[in-house]
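Read off the chains here:
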Amino acid sequence: MNIDRFKHEHVDILAQIDRLRTLSHAGPAQHAAEIARGIVAMSSTIRLHLAVEDRLLYPALQAGGDADLARLGARFQHEMGEIAGSYAAFARRWNTAERVAADPEGFRAEANVALRSVYERMRREDHDFYPRIEQAQEAVCAS
């Protein structure tokens, strides 16, 4: 399994988070339309990323011969379910310019929590999860 695809998707999602943060700091009311479009776009990217992980990555880890890695994958998958649910609720609430413009401070507060949660999770995957998968793949190739 090629982890590079997942890493590339993370780069894309992290760039989208950064763009939303920039717009939020510049003023949610003034940039409401762009923020709403960004949320819709990022939601699509996240849904696709999670679907591919659920259909390919996690089943491959469960079917592989490394029980520790399978358990780690199961833990990451379970944790992501909670994060994804929270993000989806955030995205549904703030996916229109009218809602963002009507409550810019509410948007900003919720965005800080939801986007930080997704950001921190992806950083943990990049630091703790994907390298572990790559190590296991290298060990299999070396044997």
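Definitions and cut-offs
- Residues numbered from 1 in each chain as written.
- Predicted model: local features only at pLDDT ≥ 70, side-chain atom pairs only at ≥ 80, totals over all residues.
- Heavy atoms only, no water.
- Axes fitted to C-alpha atoms, helices over the stretch in contact; angles between N-to-C directions.
- Helix = DSSP H or I, 4+ residues; strand = E, 2+ residues; numbered from the N terminus.
- Parallel < 35°, antiparallel > 145°, perpendicular 65-115°, else oblique.
- Left-handed = near helix turned anticlockwise from the far one by under 90°.
- Nonpolar A, V, L, I, M, F, W, Y, C, P; charged D, E, K, R; others polar.
- 1 Å grid on protein atoms, 1.4 Å probe; cavity = no way out; pocket = protein on both sides within 12 Å on 5 of 7 lines; lining within 4 Å.
- Points joined across faces, edges and corners; volume = space filled by probe spheres on them.

Asker: Quick question: what am I supposed to make of the packing of helix α3 (residues 67-93) against helix α5 (residues 104-142) here?
Answerer: Geometry of a packed helix pair, given as the angle between the helix axes and the separation of the axes. Direction vectors running N to C along α3 and α5 enclose 160°, while the axes themselves pass 10 Å from each other. Between α3 and α5, the angle is such that the two are roughly antiparallel. Here α3 runs over α5; the crossing is left-handed. Along the lines of polarity and charge, the residues of the contact of α3 with α5 split into 15 nonpolar, three polar and ten charged.

Asker: I tried to follow empty space enclosed by the protein on my own but got confused; where do I start?
Answerer: A probe matching the size of a water molecule, rolled over the atoms, marks out where space remains unfilled. Applying the stated rule across the entire model yields one cavity of 30 Å³ or more. Approximately 60 Å³ is the volume found for the largest cavity. Looking at the largest cavity, the residues that line it are His10, Ile46, His49, Leu50, Glu53, Met80, Val118, Arg121, Met122 and Glu125. For the lining of the largest cavity, the secondary structure elements donating two or more residues are α2 (32-63) and α5.

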